[in-house]
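Take a look at the letters that make up each chain.
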Amino acid sequence: MRRRFATFTLFRLAERRGRLATVKSLLVAGLLAVAVGVRAQDPAPAPVVDPSWLQVDTVTKTATFQLVAGLTGLNGALNFNGFRDGGLTLTVPVGWTVAMHFRNHDGMLPHSAEIIPDSHPLPTGPVAPAFPRAFTLRLEQGLVSEQTDDLRFIADKGGSYLIFCGVPGHGAAGMWVRLEVSGSVHRPSLAATPAGKP
Ligand SMILES: [Cu+2]
C-alpha cells in the first residue's frame, strides 16, 4: 500500500514537472509570437486614408485631390500621402476634371508627380503623361521641400493609371499610387488598396 502510494506520488511529481515544462514552453512560444508580431509591425503601422484629401464637386464634375509627396517617413519618404506601391487608389468617373494640389512634404528629397499608364516594368524616370498637362513642374528634378504645384486635366479615357514620381529612381522604388478612371462609377472615391507591382 505504502509502495503504491510512493509510486503514485512520484507519478504526480513527474506529471507536475511535465506540466511545468508545458507552461514553460507555452511561455517561450508566447514570447516568440510577441517578438514576431512586433517585427511584423515594423517599421510603421498601416497608413490611414484621410477623407479630407478628396473634395468632390458634382456640379462642375471636379475631383480635387491633395497629393502629398513624402507625407510620412514610410519607404524613406518615397511615398504619396503615406502610401507606396499602389497602396492608395483614387477613382474618378470618366469625363470628370481632376485637380491635384501637389505638395512636397519631404524635408530631404525633391519629388514630382505625373499620371502615367499602368505599366510594367515601372519607368526609371519621366515618361509622356497619360493625359495632357497631367504632370507637375520640374518633373525630372523634382520640387524641393514644401514647394507646391497644381495639375489639372480631364480624365477622358477610362483605364488604370499610376500617379508616379518622375524623379529618377523614385517611382521604381515604390513612389506611386493608383488612379482609376472608371465608366461604371458616378462619384469619385479614395481608398486603400493592396500594395504590389503594377
Ligand atoms: Cu520622388
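Being a predicted model, the structure only gives us computed values, none of them experimental.

Colleague: A description of the sheet that holds strand S1 (residues 54-57) should follow, citing residues and the corresponding values.
Modeller: The strand order across the open sheet built from 4 strands is S1-S2-S4-S6, with neighbouring strands paired in mixed fashion. In the strand order of this sheet, the two ends are held by S1 and strand S6 (148-154), each with one partner. In this sheet, neighbouring strand axes are inclined to one another by 15 degrees on average, regardless of whether the strands run parallel or antiparallel. Taken together, the 8 bridges between strand S2 (residues 62-69) and strand S4 (residues 97-104) define a ladder with parallel strand orientation. Each residue of the ladder has a partner; that of Gln-66, found in S4, is His-101.

Colleague: How would you sum up the environment of Lys-61? Please name residues and give values.
Modeller: Tracing the sequence through the fold places Lys-61 in the loop between S1 and S2. When the 15 C-beta atoms within 10 Å are taken as the criterion, Lys-61 is described as partly exposed. Put simply, Lys-61 and Pro-93 are 32 residues apart on the chain and 8.9 Å apart in space, counted from C-alpha to C-alpha. Setting aside its immediate chain neighbours within four residues, Lys-61 contacts Gly-95, Trp-96 and Thr-97.

Colleague: Run through unusual backbone geometry, naming residues and quoting values.
Modeller: Peptide bonds are, in most cases, trans, and in most cases residues other than glycine have a negative phi. Cis geometry marks the peptide bond from His-120 to Pro-121; its omega dihedral reads 0 degrees. Turning to its location among the elements, Pro-121 is positioned in the loop between strand S5 (114-117) and S6. Positive phi, normally seen in glycine, also occurs at Lys-61, with a value near 50 degrees. Of note in the backbone geometry, Arg-138 takes a positive phi value of approximately 50 degrees without being a glycine. You can call Arg-138 partly exposed: it has 16 C-beta atoms within 10 Å.

Colleague: Before we move on, could you go through the sheet that holds strand S7 (residues 159-164) and cite the residues and values that matter?
Modeller: Taken in spatial order, the 5 strands line up as S5-S7-S8-S3-S9 in an open sheet, and their pairing is mixed. Lying at the two open borders of the sheet, with one neighbouring strand each, are S5 and strand S9 (189-192). For this sheet, the mean inter-axis angle between neighbouring strands, taken without regard to orientation, is 30 degrees. Pairing between S5 and S7: 4 bridges, direction antiparallel.

Colleague: Kindly report on the nonpolar core, identifying the contributing residues and their values.
Modeller: Residues Leu-67, Phe-80, Ile-115 and Ile-163 are the most contacted members of the largest nonpolar core, which totals 39 residues. The biggest single contributor to this core is S2, with 5 residues. Look past the residues within four positions of Ile-115 in its chain and what remains in contact with it is Pro-129, Ala-130, Phe-131, Ala-134, Tyr-161, Ile-163 and Leu-179.

Rules used throughout
- Every chain's residues receive numbers from 1 upward, in the order its sequence appears when written.
- pLDDT decides what is reported in this predicted model: residues at 70 or higher carry local features, side-chain atom pairs at 80 or more are listed and counted, and totals for whole chains, interfaces and linings draw on all residues regardless.
- Paired strands are those between which DSSP finds at least two bridges.
- By the criteria applied, helices consist of DSSP H or I runs no shorter than four residues and strands consist of E runs no shorter than two, each listed in order from the N terminus.
- The convention used is that axes are lines fitted to C-alpha atoms, helices contributing only their stretch in contact, and that angles between N-to-C directions extend from 0 to 180 degrees.
- Whether a residue is buried, exposed or partly exposed follows from its count of other C-beta atoms within 10 Å of its own C-beta, namely 20 or more, 12 or fewer, or something in between, respectively; the C-beta atoms are built from the backbone.
- Our contact criterion uses C-beta atoms placed from the backbone: two residues qualify when those atoms are within 7 Å.
- As used throughout, a nonpolar core is a set of buried Ala, Val, Leu, Ile, Met, Phe, Trp, Tyr and Cys residues joined through C-beta atoms within 7 Å of each other.

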